[in-house]
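# What the coordinates show
Spelled out from the first residue to the last, the chains are:
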Amino acid sequence: MIVGTLGGAVLSIIYALVNYYNPFIYFTVIATGIFGAGCGGCAVMGLSLGKVRGRLTNAFAGFIIGFASLYLAWVWYLFLAARTAFGQGLFFFDTTAMFSFMQLIAANGMWEIGGATPTGGILYTIWVIEAFIVLIPAILIAFSADTPFREPCNQWSEEMDCSVTFRVPEEIDQLRQSLEDENYSPLFENALMSPEDVCLHAKIHRCPKCDGSTWLELEQVSTWLNDKGEAQSSKNTVIKHLAISRQYADALLTLMPDSTNISSDESSVMDDDLGEETFQDEELG
Ligand SMILES: [Zn+2]
């Protein structure tokens, strides 16, 4: 919690400055969400260093770190507001003094939105919503930290991405079932030499100290171009942390996209592309 709050303290300064000086409300709302997510990231960093892996403890730490960072953001924000109001920056660390100053701001308003200055109940509501936009991502991000941990070695697993992707089978449940039955051939047989718009990405989590624990994670990744022609993607977990033997994990990691064409024939890029397409058609057929 100390490590996470130190990170959150740095973010709170940046957030308070953005909040105070940036006139675009839309940007401020986004900054609030980023601040909350950043607090969650700081929580995960601290929890990882402390080797904490109780999910409720994680969520609690996310809440405390988010709350402490929000409190600090208010301290910096009121410092800046005091500098404008009284011509001198003042630190309000004591909550009673803090609330008195906040009441003063609520009575008079601080900033404008669409020509109107929110005061009283409306401003209090905005502050409560702001608190939720910070706290909810902080709690959720800390809660969802789920890197596998190897108890006998007292080590977090390391994550490695497979170089190749895999074709999505028609019956994804069947693939899941055969992997759970330790039959990996449906996965190996569907290795793709180049990624497709919809394909499976594999990750291996393994203990860095021993050969004992290895886990497989499969994600279905869909990529497409939006109206503006920008690449977008969505992920969907197919298999999360399935224990597999190290031997198969290593075999998955050593699969490489087919580069034989490139090494043997560097004269024409077109030939390479054609070669790959032909190969895929054969696979599909
Ligand atoms: Zn180990």
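Small disclaimer: the values here were computed from a predicted structure and weren't measured.

Membership of the largest hydrophobic core comes to 25 residues, with the highest contact counts inside it found for Trp 74, Leu 78, Met 98, Phe 101, Ile 105 and Trp 127. Elements with a contribution of two residues or more to this core: helix H1 (2–21), helix H2 (25–49), helix H3 (55–86), helix H4 (95–108) and helix H5 (120–143). Looking at which element gives the most residues to this core, the answer is H3, with 9 residues. If we skip the residues at most four places from it in the chain, Trp 127 touches Trp 74, Met 102, Ile 105 and Ala 106. In terms of nonpolar packing, the next biggest core, distinct from the first, is built from 20 residues, Phe 166, Leu 179, Ala 191 and Leu 242 among them.

With that settled, consider the domain arrangement of the protein. Splitting the protein by domain gives domain 1 (2–143) and domain 2 (149–257 + 277–284). Using C-alpha coordinates to define each centre, domain 1 is positioned 39 Å away from domain 2. The partner domain 2 presents 4 residues to the 5 residues of domain 1 that form the contact. Carbon and sulfur atoms supply 50% of the area that domain 1 and domain 2 bury against each other, a total of about 430 Å² over both sides. Looking at the side of domain 1 facing domain 2, the largest losses of area belong to Ser 48, Lys 51 and Arg 53, adding up to 95% of the total buried there. Along the contact surface separating domain 1 from domain 2 lie 1 salt bridge. With a closest N to O distance of 2.7 Å, Arg 53 and Glu 151 form a salt bridge.

Analysis parameters
- Residues numbered from 1 in each chain as written.
- Predicted model: local features only at pLDDT ≥ 70, side-chain atom pairs only at ≥ 80, totals over all residues.
- Heavy atoms only, no water.
- Core = buried A, V, L, I, M, F, W, Y, C linked by side-chain atoms within 4.5 Å.
- Buried < 20%, exposed > 50% of the residue type's maximum accessible area, 1.4 Å probe, protein only.
- Helix = DSSP H or I, 4+ residues; strand = E, 2+ residues; numbered from the N terminus.
- Contact = heavy atoms within 4.5 Å.
- Domains from an automatic or database assignment.
- Buried area = accessible area lost by both parts, 1.4 Å probe.
- Salt bridge = Lys/Arg side-chain N within 4 Å of Asp/Glu carboxyl O.

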